[in-house]
Amino acid sequence: MAKGDRQGALALLLKTNPFPEVTGRLCPEIFEETLCQNRRGDRVSLRAIERYLADNVALKQISSLGSRKTKVAVIGSGPAGLSAAWTLAGLGYSPTVYEAAPFPGGTFGYRFGPVQLPPKVLQGILRRFKNAGIAFLTDFLFGRAALPAELLEQGFGAVLVATGVSAARPLGITGEGVGGVIPADVFLKAVNWRAEDPELWLGRKVIVVGEIDPAFAVARTAIRLGRKVTVVVRGPETHVQANPMFVRHAVEEGIQLKAFTSPVGILAGPDGCVQGIVCRYLDYRMDNNGRMVMVADGAGEFTLDADTVITAGGWEPDTLFLRDIPGLEFNADGSIRTKPESAATALPGIFAAGGVVEPDMSLTDTILAGTRAAQEIDEKLKP
Ligand SMILES: Cc1cc2nc3c(=O)[nH]c(=O)nc-3n(C[C@H](O)[C@H](O)[C@H](O)COP(=O)(O)OP(=O)(O)OC[C@H]3O[C@@H](n4cnc5c(N)ncnc54)[C@H](O)[C@@H]3O)c2cc1C
């Protein structure tokens, strides 16, 4: 960039980052403060440079590093699967990405919503991927339409399972089954994928429980639907776990943060639907390592009125469709067990990466996991 070679800068960036238009919008700011400075020592926004290059520079051609032509199957088209496919294509393989949904993208397609990730961003990414020779097959439910061994028999050199996370982890409070309690993924899919009319099912007063990034994607989506939105967080406003930029933007849009608050149960009205959420105030003390530990403050319980509660407490992979495969190993939470520091599963030729291996991975870690899995597959397949 400093030399004025924007084409070269983007080509270089794309070698290690398949989605600069995504990281350029969503990456946490922490790295910028510590690592990225200009010659005068001023802070430079790496995120803004990535976004600028990705949004404004069109690459004349995508270069491939080789032409091995071996086919590799990637199952799932979220960030893990796509980043693996991109790296494999760059190494000269022919990746085919299989996706259960009618269109590719996984997380990118609906979890951030049009506010954070406009649909044209994903469309641009998919165009670039197709130009790089990556094939997509949608409406393909792996486990039913084909099993890993069948894909290997069809001539694929390796199969990478990157089917992500989809099953909401319960909050562990009473009343989670009452009408009007909606897991974040279900809410985001309904609004951002299926464009369902929220007037039919979304109340006026929405409480979001959870303080990781998705809680704020949910809250910003709900407030733009004209709802009054409160996010319940355990600690102070200054110590929310999510990306600080997401929290700041949410507050700027008018979302209330209910700090030092721990939900204990969801109240149903006479119609069986949400009427409110019973909470307890929390206090904090510092432990011996100087870390903040939240403790009950003893002030008793109180109720926040709500018509809809959206839960964003974390997710687990839904791998039931793989359980009958002899030899494939799973962890207690349903994630696929891989070898230590590796994407290899117990089955030869079958690899796994992303949320299906580590459900709590952040987006950026997921992108890296896909890249590393592709490099490992290359090590196994190259002569
Ligand atoms: C509601 C929600 C919101 C989130 N918001 C954020 C956020 O704001 N910031 C952040 O950093 N992280 C967020 N995450 C976490 C983030 O989504 C994950 O870190 C990351 O997306 C996992 O990427 P992945 O590629 O492993 O899976 P995914 O993006 O989930 O993609 C998996 C793909 O596999 C497909 N698939 C599943 N089963 C099959 C099958 N049997 N056959 C074929 N295809 C299949 C799915 O349809 C999907 O397209 C969120 C997670 C959830 C659940």
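Starting afresh in each chain, residues are numbered from 1 along the sequence in its written order. It should be noted that, the model being predicted, local features are given only for residues of pLDDT at least 70 and side-chain atom pairs only at 80 or more, the latter also being counted only at that level, while totals for whole chains, interfaces and linings use all residues. Side-chain measures here rest on the full set of heavy atoms in the structure, leaving out hydrogens and waters.

Engineer: How should I be thinking about the domain arrangement of the chain in this particular structure?
Structural biologist: Size of an interface: often given as the accessible area lost when the parts come together. Partitioning the chain into structural domains gives domain 1 (6–56), domain 2 (71–166 + 315–381) and domain 3 (170–311). For each domain, the first and last residues come from an automatic or database assignment. With centres defined by C-alpha atoms, the gap from domain 2 to domain 3 works out at 31 Å. In this complex, domain 2 contributes 13 residues to the contact, which on the side of domain 3 involves 13 residues. Note on terms: buried area is the combined drop in 1.4 Å-probe accessible area of two parts once they are placed together, counting the loss on both. Carbon and sulfur atoms supply 64% of the area that domain 2 and domain 3 bury against each other, a total of about 1,200 Å² over both sides. In this analysis, two residues are considered to be in contact whenever any of their non-hydrogen atoms come within 4.5 Å of each other.

Engineer: When you look at the sheet that holds strand β7 (residues 205–209) in this model, what are you seeing that I'm missing?
Structural biologist: Strand pairing in a sheet relies on backbone hydrogen bonds. The paired strands run either parallel or antiparallel. Two strands are said to pair when DSSP picks up at least two bridges between them. Secondary structure is summarised from DSSP: a helix means a run of H or I of at least four residues, a strand means a run of E of at least two, and numbering begins at the N terminus for each. Taken in spatial order, the five strands line up as β6-β13-β7-β8-β9 in an open sheet, and their pairing is parallel. Both edges of this open sheet fall to β6 (181–183) and β9 (256–258), since each of them pairs with a single strand only. Averaged over all pairs of adjacent strands, the angle between strand axes in this sheet comes to 25°, irrespective of strand direction. Summarising the sheet, strand β8 (residues 228–232) and β9 pair through three bridges and their orientation is parallel. Looking across to β9, one finds that Val 232 is bridged to Lys 258. Between N-to-C directions, angles cover 0 to 180 degrees, with each direction set by a line fitted to C-alpha atoms, over the stretch in contact for helices. Running at roughly 165° to β8, helix α11 (residues 213–223) makes contact with β7, β8, β9 and β13 (308–311) of the sheet.

Engineer: Sorry if this is basic, but what is going on with the packing of aromatic side chains here?
Structural biologist: In summary, the pairing rule links any two rings of Phe, Tyr or Trp, Trp by its six-membered ring, whose centres are within 6.5 Å, and it sorts them by plane angle into stacked for under 30 degrees, edge-to-face for over 60 and tilted for everything else. A full pass over the atoms with the stated rule returns ten aromatic pairs. Between Phe 19 and Phe 108, the ring centres sit 5.0 Å apart and the planes meet at 75°, which makes this aromatic pair edge-to-face. With Phe 19 in the loop between α1 (6–16) and α2 (20–26) and Phe 108 in helix α6 (residues 107–110), this pair connects stretches of sequence that are 89 residues apart. For the ring pair Tyr 98 and Phe 140, a centre distance of 4.4 Å and an interplane angle of 45° mean the geometry is tilted. Of this pair, Tyr 98 sits in strand β2 (residues 94–98) while Phe 140 sits in the loop between β3 (135–137) and α9 (148–153), and the two are 42 residues apart along the sequence.

Engineer: Help me out: how do you make sense of α11 in this one?
Structural biologist: Structurally, the α-helix is built with 3.6 residues per turn, so residues lying three or four positions apart point the same way. Only protein chains enter the accessibility calculation, which uses a 1.4 Å probe; a residue whose area is less than 20% of its type maximum is buried, one above 50% is exposed, and one in between is partly exposed. Along α11, nine of the eleven residues are buried, which leaves the element largely enclosed by surrounding structure. Inspection of α11 places Ala 215, Phe 216, Ala 217, Val 218, Ala 219, Arg 220, Thr 221, Ala 222 and Ile 223 among the buried residues, and these make up the whole buried set.

Engineer: What is the right way to read the environment of Phe 330 from this model?
Structural biologist: Within the element layout of this structure, Phe 330 appears in the loop between β14 (315–316) and β15 (350–352). Along the chain, Phe 330 and Val 251 lie 79 residues apart, while their C-alpha atoms are 40 Å from each other. When sequence neighbours within four positions are dropped, the list of residues in contact with Phe 330 reads Thr 319, Leu 322, Arg 323, Ser 335, Ile 336 and Arg 337.

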